[in-house]
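Residues per chain are reported as follows:
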Amino acid sequence: MAYRSGLTRVAFALAGALALAAGPAFAQGKVKVGFMLPYTGTYAALGNAITNGFKLAIAEGGGKLGGRDIEYFTVDDESDPAKAPENANKLIKRDGVDVVIGTVHSGVAMGLAKAVRDSNAILINPNAGADEITGPMCAPNIFRTSFTNSAPGYAMGKVAADKGYKRVVTLTWKYAAGDQSVGGFKEAFEKGGGKVVKEMTLPFPNVEFQPFLTEIASIKPDAVYVFFAGGGAVKFVKDYDAAGLRKTIPLLGAGFLTDGTLEAQGAAAEGLLTTLHYADQLDNPKNNAFRAAYKKAYGLEPDVYAMQGYDAGQLLVAGTKAVGGDMSKRDALLKAMHTAKIDSPRGPFSLSRANNPIQDFYLRQVVGKENKAIGVAVKAYEDPATGCKM
Ligand code: PHB
């Protein structure tokens, strides 16, 4: 008995010494990472691609964050802004996550960003473009690896003006992403001498496009600019083609129109021009390696969402590495993330003062099943981060 308790004492002392030697990583247990993404509805494929991309970057980083194991938590946000505060707090308050990866829909992202601002958690936004998030809502613990909504629109507005189009009709879902995308397009297009002659909208995520196609056919603009994504983008491109408009009135889009969708759109998408911060066959070593690794891991071609999820993972790997996995060194962690140079498949980027990528926007054309880069529409675009005080 005396012998056994002596042994127990030794074991405890040893465990304590090991914990001290291993430092905070040992003391803090696993890093908790929460995914708040859409896994159902029109953006479901986007949420899955982001999750896959993120996990690929973690696997390439050795499956750990700063030497610590990871515990994942998942919430399907259904792209429903009304449920955003409750869903965000499931991860932040109930599960106590260190980091949230979220989300796709701008309206949901604004609710999520608000919840994160009031907490100790860190947000990495792998898609939603709401200009506000890296504008008036900016914060040292809020990062984005995607874009601001107005940016791809701005790039296409410039392309459309350079092509000499004068009268353009716009169509989108009526919410922040569509409004800001069209806003960016209009700003650049009208600065370049064009005129947006009609702005049409329908509620998210409706796909009853027929009345709009009929009206476009009667207005006969020089081109049409749209923001749609996911399942809605698949249907819009097919409907536009079926209405006989693809060959007569050029369809222009923010690149989401044809990203992750080409398999389903088939020939209806052939030749379409879009602008985005990514293109499938960008010929840089990182993109080639990323595409091969993604295909090997998941049996799928990656898209812009997978790439943004991958970079969210790379950003977190860089930050946690700098603090040896010690999430209590918050200032050092946030600084390491803010100053990280990300070797991205889109091309290398760093973050603006508002933690938004500074990046090129490519002009792409659909050729077969690929979005092929045919030029750079805007070089090293830095969102102005209007209203960001930090
Ligand atoms: C958004 O709501 O910000 C959003 C959604 C889907 C996209 C791009 C932006 O593909």
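From a predicted model like this one, the values you see are computed outputs, not experimental measurements. (Residues numbered from 1 in each chain as written. Predicted model: local features only at pLDDT ≥ 70, side-chain atom pairs only at ≥ 80, totals over all residues. Heavy atoms only, no water.)

A.B. asks: So what exactly am I meant to see when it comes to the site of the ligand here?
C.D. replies: Contacts to the ligand come from 16 residues, most closely from V104, S106, G129, Y175 and Y305. At 3.3 Å, a backbone N or O of V104 approaches an oxygen atom of the ligand. In the model, an oxygen atom of the ligand is placed 2.5 Å from a nitrogen or oxygen of the Y175 side chain. Using a 2 Å cut-off from the grid points, one finds that the ligand occupies the largest cavity. Of the residues in the shell around the ligand, the class split is 11 nonpolar, five polar and no charged. (Near = heavy atom within 4 Å. Polar contact = N/O pair within 3.5 Å; in protein donor to acceptor, adjacent residues only side chain to side chain. 1 Å grid on protein atoms, 1.4 Å probe; cavity = no way out; pocket = protein on both sides within 12 Å on 5 of 7 lines; lining within 4 Å. Sits in = over half its atoms within 2 Å of the grid points. Nonpolar A, V, L, I, M, F, W, Y, C, P; charged D, E, K, R; others polar.)

A.B. asks: Could you clarify how one ought to interpret helix α9 (residues 230-242) in this entry?
C.D. replies: For the α-helix, the turn length of 3.6 residues means that residues three or four positions removed from each other point alike. Helix length check: α9 (13 residues) gives 19 Å between terminal C-alpha atoms against 18 Å at 1.5 Å per residue, within 8%. Regarding α9, the residues found buried are G230, G232, A233, V234, F236, V237, D239 and Y240. Tucked inside the fold, the buried residues of α9 contact α3 (44-60), β6 (167-173), α8 (210-219), β8 (223-227), β9 (251-254) and α10 (262-265). Immediately downstream of α9, the backbone of G244 shows phi near 80°, a positive value. (Helix = DSSP H or I, 4+ residues; strand = E, 2+ residues; numbered from the N terminus. Expected span 1.5 Å × (residues − 1). Buried < 20%, exposed > 50% of the residue type's maximum accessible area, 1.4 Å probe, protein only. Contact = heavy atoms within 4.5 Å.)

A.B. asks: For this particular structure, what's the right way to read the sheet that holds strand β2 (residues 70-76)?
C.D. replies: Whether parallel or antiparallel, the strands of a sheet pair through hydrogen bonds between backbone atoms. Taken together, the five strands give an open sheet; going across it, the order is β2-β1-β3-β4-β5, and neighbouring strands pair in parallel fashion. Since the sheet does not close on itself, it has two edges, and those belong to β2 and β5 (142-144), each with one partner. Across this sheet, the average inter-strand angle for adjacent strands is 20°, counted without regard to direction. Relative to strand β3 (residues 99-101), strand β1 (residues 31-37) runs parallel, the two sharing three bridges. Paired with G34 across the bridge in β3 is V100. In the packing of helix α12 (residues 304-322) onto the sheet, the strands contacted are β1, β3, β4 (122-125) and β5, and the crossing angle to β4 comes to about 150°. On the sheet, helix α13 (residues 330-338) packs against β4 and β5 and is oriented at approximately 15° with respect to β4. (Pairing = 2+ DSSP bridges. Axes fitted to C-alpha atoms, helices over the stretch in contact; angles between N-to-C directions.)

A.B. asks: How should the environment of Q281 be read in this particular structure?
C.D. replies: Here Q281 lies in the loop between β10 (273-276) and α11 (285-298). For Q281, a relative accessible area of 40% corresponds to the partly exposed category. Along the primary structure Q281 and R346 are separated by 65 residues, whereas in three dimensions their C-alpha atoms are 9.8 Å apart. Setting aside its immediate chain neighbours within four residues, Q281 contacts N287, R291, E370 and N371.

A.B. asks: It is not clear to me how the domain arrangement of the protein should be interpreted in this structure. Could you clarify?
C.D. replies: Often, the extent of an interface is quoted as the loss of accessible area upon association of its parts. Domain assignment breaks the protein into domain 1 (31-147 + 284-358) and domain 2 (150-276). One C-alpha centre belongs to domain 1, the other to domain 2, and the line joining them spans 28 Å. Taken together, the contact between domain 1 and domain 2 spans 17 residues of the former and 18 residues of the latter. Interface area, domain 1 with domain 2, both sides summed: about 1200 Å², of which 59% is carbon and sulfur. Taken together, the connections running from domain 1 to domain 2 amount to seven residue pairs in polar contact (both at pLDDT 80 or more). For the side of domain 1 that touches domain 2, the secondary-structure elements that each account for two or more residues are α5 (106-117) and α12. Looking at which element gives the most residues to the side of domain 1 that touches domain 2, the answer is α5, with three residues. Classifying every residue of the side of domain 1 that touches domain 2 by side-chain character gives seven nonpolar, seven polar and three charged. (Domains from an automatic or database assignment. Buried area = accessible area lost by both parts, 1.4 Å probe.)

A.B. asks: Please clarify how the pairing of β4 should be interpreted in this entry.
C.D. replies: Regular strands place side chains that alternate from one sheet face to the opposite one. By the alternation rule, side chains of β4 split into I122 and I124 and L123 and N125, which are all buried. In the sheet, β3 pairs with β4 via three bridges, with the strands oriented parallel. Paired with V99 across the bridge in β4 is I122. Inspection of the sheet shows β4 paired to β5 by three bridges, in the parallel sense. Bridging across to β5, L123 finds its partner in I142.

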